[in-house]
Amino acid sequence: MIHPDLSTLLMLAGASLAVYGLVWRRLRRSEEKRWVRRSLEIALNAPDPAVRSSAIAAAGTQGVSAYAELLLRCAARETDPGVIQTLATTVAHQQWEPMDSPAVVQLRLWAHRHRTEVAPANTEAEAGPAGEAEVIEPKEVEEPGPVAPILRLVVGEARPLRSNAGLDADAGPPTLPPQVSPPPVPPPRRPSPWASRSLPVPERADGGLRGETVLVTGAGGPAGVAVIRALGRHGVTVVGADADDLAVGLRLADEGAVIPVAGDPQFVDELVDLAKRTGAIALVCTVAEEMATLRRAESRLREVGLATWFPSDAALEASLDKWRFVQVMHEAGVRVPPTALGRVDRVPGPWIVKPRFGRGSRDVYTAEDSRDLAWALQRVDQPIVQTRVGGREFTVDALVDRTGRLMGAVPRWRLETKAGISTKGRTFTDEALVHHTADVLGALGLTGPANVQGFIDEAGTITFIEVNPRFSGGLPLSIAAGADLVGEYLRGVLGLPIRPERLVYRPGMTMIRHFEEVFET
């Protein structure tokens, strides 16, 4: 039997060993951190730019917060463009880290100023706009090297849009671009829920466009920001324009300009003056409500060398007027929800009440019973009432050439939406949906970019809700999946042929959005 005093001594000795072990592990970890920090400091001062870039990439895998001061000193003295680009991109990919020190804040401000620089061709660059979009995939940490391009397939002839909803049994189904999943991505060496993988930047819209200037209106909206960043990755000089002097796109573009709203008599005059001053060669409008005014002013815009491409007046009307949209779809045999204008005749509940003319989810209400319905009808200007559709919500980002051919279509699930904007989404394939999307756009007579929205229920029934004659707020997901919608649209604006092989996309790509701050003094 062990004596009590001896037992006590043994317990104290064991506790001492445990404390010693903890202290030893902490000291060892501290020593390892000092060694890693010292190694990083030496690498960041190496004469070879490749070594400095490798060190920055390695630091990014551990989180920039731990080495923010070292990276900030590197940013202050670095002159090599490749190293600067690596550092700016690395910091941009760590937006999830808290701004817990002045060094981190200063580093992000520095990165924002340098992220607008054009990435070298055939190098890895940011796939989606941070704050607008972040494509999350596992990323394997490797030594810097050439980035494998996304698998792209050459598709067949783009089929013309059809004005009727049914398929011609004699003609057979139209040919659709094949969609093939790429080879699987190797598993990451250090799994992390925050690990992200940037995709290769698409090729430029045209070999001679790098350095040319393009105007983008609606720079404050999600679609405007997506277009500005997509054009920037093509090497195009972007001038963002918006009526709001605090529009974020004015800061993200190479140059920003505040212009009046489309209803202002000076709207066209100031846009023409802006085109003259900047030497812009093309206009990309991301605000549907501006298009009718700009279409009427096309001759003035062409006089100052500004190429444009707008849908017809009839197509714009049928897209922007939700009641007219329903009528056109009924005439074409396309499935839409039961709808009434200002009343509930033959429209079974539950209901959705929304304005006949409106954007996003503004003034859109759900109504479960007659009391809810009466309340909603009093709060919506020119209301339309629709039966609420069940199923999974989708958007199709599409591009139609000037002759009416559907050149590319990227279906994506709207996994989560906030204020009418997709915050989580995933691309998928559905040939029937693409067929019916062509029918919808053909019935409208719409050309150029469009985003088509609707639901698919458990039985596979497709119901269309609305079409917007512009790029969507969720556009970054379609671009990250491989469809160069902005680049090919710019070619179309300039009168160049649209290449359907550049609009093939990768199904199963997921987008998760997060906030990003822009600071200025």
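Residues numbered from 1 in each chain as written. Predicted model: local features only at pLDDT ≥ 70, side-chain atom pairs only at ≥ 80, totals over all residues. Heavy atoms only, no water.

S.K.: I'd love a proper account of the overall build of the chain, names of residues and values included.
M.R.: A count of helices and strands for the chain gives 16 helices and 15 strands. Across the 521 residues in the chain, those meeting the buried criterion constitute 49%. Partitioning the contacts of the chain with sequence separation of at least 6, the portion at a separation of at least 24 is 68%. Counting only carbon and sulfur atoms, one obtains 54% of the accessible surface of the chain, whose full area is about 25,200 Å². (Helix = DSSP H or I, 4+ residues; strand = E, 2+ residues; numbered from the N terminus. Buried < 20%, exposed > 50% of the residue type's maximum accessible area, 1.4 Å probe, protein only. Contact = heavy atoms within 4.5 Å. Areas by Shrake-Rupley, 256 points an atom, 1.4 Å probe, with all protein chains shown as cover.)

S.K.: Now, about helix α3 (residues 68–77): what can you tell me, with residues and values included?
M.R.: Of all the positions in α3, only A68, L70, L71, C74 and A75 are classed as buried. With its buried residues spanning 160° around the axis, α3 presents them on a single face. (Arc of directions from axis to C-beta.)

S.K.: Would you mind going over the sheet that holds strand β7 (residues 351–355) in detail, with residue names and values included?
M.R.: Taking strand neighbours across the sheet as the criterion, the four strands line up as β6-β9-β7-β8 in an open arrangement whose pairing is antiparallel. At either end of the open sheet lies a strand with only one pairing partner, and these are β6 (339–341) and β8 (365–367). Neighbour-to-neighbour, the strand axes of this sheet turn through a mean angle of 25°, independent of strand direction. Bridge count between β7 and β8: three bridges; the pairing is antiparallel. Bridging across to β8, W351 finds its partner in A367. Along the sheet, helix α12 (residues 322–332) makes contact with β6, β7 and β9 (383–387), crossing β6 at roughly 135°. Sheet contacts for helix α13 (residues 370–377): β7, β8 and β9; angle to β7, the most-contacted strand, approximately 5°. (Pairing = 2+ DSSP bridges. Axes fitted to C-alpha atoms, helices over the stretch in contact; angles between N-to-C directions.)

S.K.: Can you explain the side chain of D321? Please cite residues and give values.
M.R.: As for its placement among the helices and strands, D321 is situated in the loop between α11 (313–320) and α12. On the basis of relative accessibility, which here comes to 4%, the residue D321 falls in the buried class. Among the polar contacts listed, one links the side chain of D321 to the side chain of R356, at a separation of 2.8 Å. With residues up to four places along the chain from it excluded, the contact list for D321 reads R356 and F357. (Polar contact = N/O pair within 3.5 Å; in protein donor to acceptor, adjacent residues only side chain to side chain.)

S.K.: Could you give me a rundown of the confidence of the model for the chain, with the residues and numbers involved?
M.R.: Close inspection of predicted coordinates is inappropriate for parts of the model with low pLDDT. Per-residue pLDDT for the chain averages 78, and the proportion of residues at 70 or more is 72%. Note on residues 116–207: pLDDT is under 50 here. Beyond four places in sequence and across chains, it has 187 contacts. (pLDDT = per-residue confidence, 0-100.)

S.K.: Outline the pattern of salt bridges, listing residues and values.
M.R.: Enumeration according to the criterion identifies 16 salt bridges in this entry. Put simply, R356 and D321 hold a salt bridge, and the shortest N to O gap is 2.8 Å. Taken together, the residues span a long stretch of sequence, with R356 in the loop between β7 and β8 and D321 in the loop between α11 and α12 at a distance of 35 residues. Between E466 and K354 there is a salt bridge, and its shortest N-O distance comes to 3.9 Å. Highlighted residues: E466 in strand β14 (residues 462–468) and K354 in strand β7, separated in sequence by 112 residues. (Salt bridge = Lys/Arg side-chain N within 4 Å of Asp/Glu carboxyl O.)

S.K.: Residues and numbers for the sheet that holds strand β3 (residues 237–242), please.
M.R.: Taking strand neighbours across the sheet as the criterion, the four strands line up as β4-β3-β2-β5 in an open arrangement whose pairing is parallel. Both outer strands of the open sheet, β4 (255–258) and β5 (282–285), are each paired with one neighbouring strand and no more. Sheet twist, expressed as the mean angle between neighbouring strand axes with direction ignored, is 25°. Note that β3 and β4 share four bridges and pair parallel. In the sheet register, V239 faces β4, and the bridge partner there is E255. Relative to the sheet, helix α8 (residues 267–278) contacts β2 (213–217), β3, β4 and β5, its axis offset from that of β2 by approximately 155°.

S.K.: So, the pairing of β5: which residues are in play, and what are the values?
M.R.: Neither face of β5 is left uncovered, since the one carrying A282 and V284 and the one carrying L283 and C285 both have all their residues buried. As defined by bridge partners, β2 adjoins β5 across four bridges and the pair is classed as parallel. Directly across from V214, in β5, lies its bridge partner A282.

S.K.: Outline the nonpolar core, listing residues and values.
M.R.: Membership of the largest hydrophobic core comes to 40 residues, with the highest contact counts inside it found for V214, V216, V227, L231, F471, L475 and V486. Every element with two or more residues in this core is listed here: β2, α6 (222–233), α7 (249–252), β5, β11 (406–418), α15 (475–480) and α16 (485–493). Here this core gets seven residues from one element, more than from any other, and that element is α6. If we ignore the near neighbours within four places in the chain, the residues touching L231 are V214, V216, V236, V238, V486 and L490. If you look at the next biggest cluster of nonpolar residues, it comprises 30 residues, including F325, A332, W413 and V467. (Core = buried A, V, L, I, M, F, W, Y, C linked by side-chain atoms within 4.5 Å.)

S.K.: Tell me about the packing of α8 against helix α9 (residues 288–296), residues and numbers included.
M.R.: Interaxial distance between α8 and α9 falls to 11 Å at its minimum, and their mutual angle equals 80°. By the angle between their directions, the pair α8 and α9 is classed as roughly perpendicular. Residues F267, V268 and L271 of α8 form the contact with α9, whose own contacting residues are E290, T293 and L294. Each residue belonging to the contact of α8 with α9 can be placed in one class, and the counts come to four nonpolar, one polar and one charged. (Parallel < 35°, antiparallel > 145°, perpendicular 65-115°, else oblique. Nonpolar A, V, L, I, M, F, W, Y, C, P; charged D, E, K, R; others polar.)

S.K.: Can you tell me about unusual backbone geometry, naming the residues and giving the values?
M.R.: A cis amide bond links G349 to the next residue, P350, at an omega of -5°. Relative to the elements of secondary structure, P350 occurs in the loop between β6 and β7. Located in the positive-phi region is Q382, a residue other than glycine, with phi close to 45°. Looking at Q382, the relative accessible area reads 40%, which means it is partly exposed.

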